[in-house]
Amino acid sequence: MHPAVLNAIAALVAQGKTPTVATTKAKLAEPVAMPLIIAGLTAYKNNPDLLSTLEQQTEQAAQPSEDKDQTQLDRIEAKLDKLLALLESR
């Protein structure tokens, strides 16, 4: 599901409104193709619990990215330390 559509549907549900194509389109923060809006609404209507599952997955997907960046930073720092040690030993 497109993230903007997910956010729009979540906002409507939080307000106690039933998401429709028109209300979802009105809530979008960015332009999204109509087929993506319809697909998102269809997925939500077939499984309303899907919304909370997708939100959890989105949150979890953001966290490993931060961990990956930190791991890469740690490797770069270790390489710099080795290079500095080599330069100082000369």
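Our subject in this report is the structure included herewith. (Residues numbered from 1 in each chain as written. Predicted model: local features only at pLDDT ≥ 70, side-chain atom pairs only at ≥ 80, totals over all residues. Heavy atoms only, no water.)

1. With respect to the packing of helix H1 (residues 3-14) against helix H3 (residues 34-46)
Then comes step 1: It is the contact of H1 with H3, at a shortest axis distance of 10 Å, that shows an interaxial angle of 50 degrees. Between H1 and H3, the angle falls in the class oblique. Remark: the crossing between H1 and H3 carries right-handed chirality. Listed contacts from H3 to Val-5, Ile-9 and Val-13 of H1 are Leu-36, Ile-37, Gly-40, Leu-41 and Tyr-44.
Then comes step 2: Of the residues assigned to the contact of H1 with H3, the class counts are 7 nonpolar, 1 polar and no charged. (Axes fitted to C-alpha atoms, helices over the stretch in contact; angles between N-to-C directions. Helix = DSSP H or I, 4+ residues; strand = E, 2+ residues; numbered from the N terminus. Parallel < 35°, antiparallel > 145°, perpendicular 65-115°, else oblique. Left-handed = near helix turned anticlockwise from the far one by under 90°. Contact = heavy atoms within 4.5 Å. Nonpolar A, V, L, I, M, F, W, Y, C, P; charged D, E, K, R; others polar.)

2. Things to note about the nonpolar core
Then comes step 1: The biggest cluster of nonpolar side chains holds 12 residues, and these are Ala-4, Val-5, Leu-6, Ala-8, Ile-9, Ala-10, Leu-28, Val-32, Ile-37, Leu-41, Tyr-44 and Leu-51.
Then comes step 2: The element that contributes the greatest number of residues to this core is H1, accounting for 6 residues. (Core = buried A, V, L, I, M, F, W, Y, C linked by side-chain atoms within 4.5 Å. Buried < 20%, exposed > 50% of the residue type's maximum accessible area, 1.4 Å probe, protein only.)

3. Digging into the environment of Pro-31
Then comes step 1: Note that Pro-31 resides in the loop between helix H2 (21-27) and H3.
Then comes step 2: Spatially, the C-alpha atom of Pro-31 lies 8.7 Å from that of Ala-4, the residues being 27 residues apart in sequence.

4. Regarding H3
Then comes step 1: The terminal C-alpha atoms of H3 lie 18 Å apart, and with 13 residues this matches the ideal 18 Å at 1.5 Å per residue to within 8%.
Then comes step 2: All of the buried residues along H3 are Ile-37, Gly-40, Leu-41 and Tyr-44. Along the long axis of H3, the arc covered by the buried residues comes to 95 degrees, so they all point the same way. Opposite the buried face of H3, by more than 90 degrees, sit the exposed residues Pro-35 and Asn-46. (Expected span 1.5 Å × (residues − 1). Arc of directions from axis to C-beta.)

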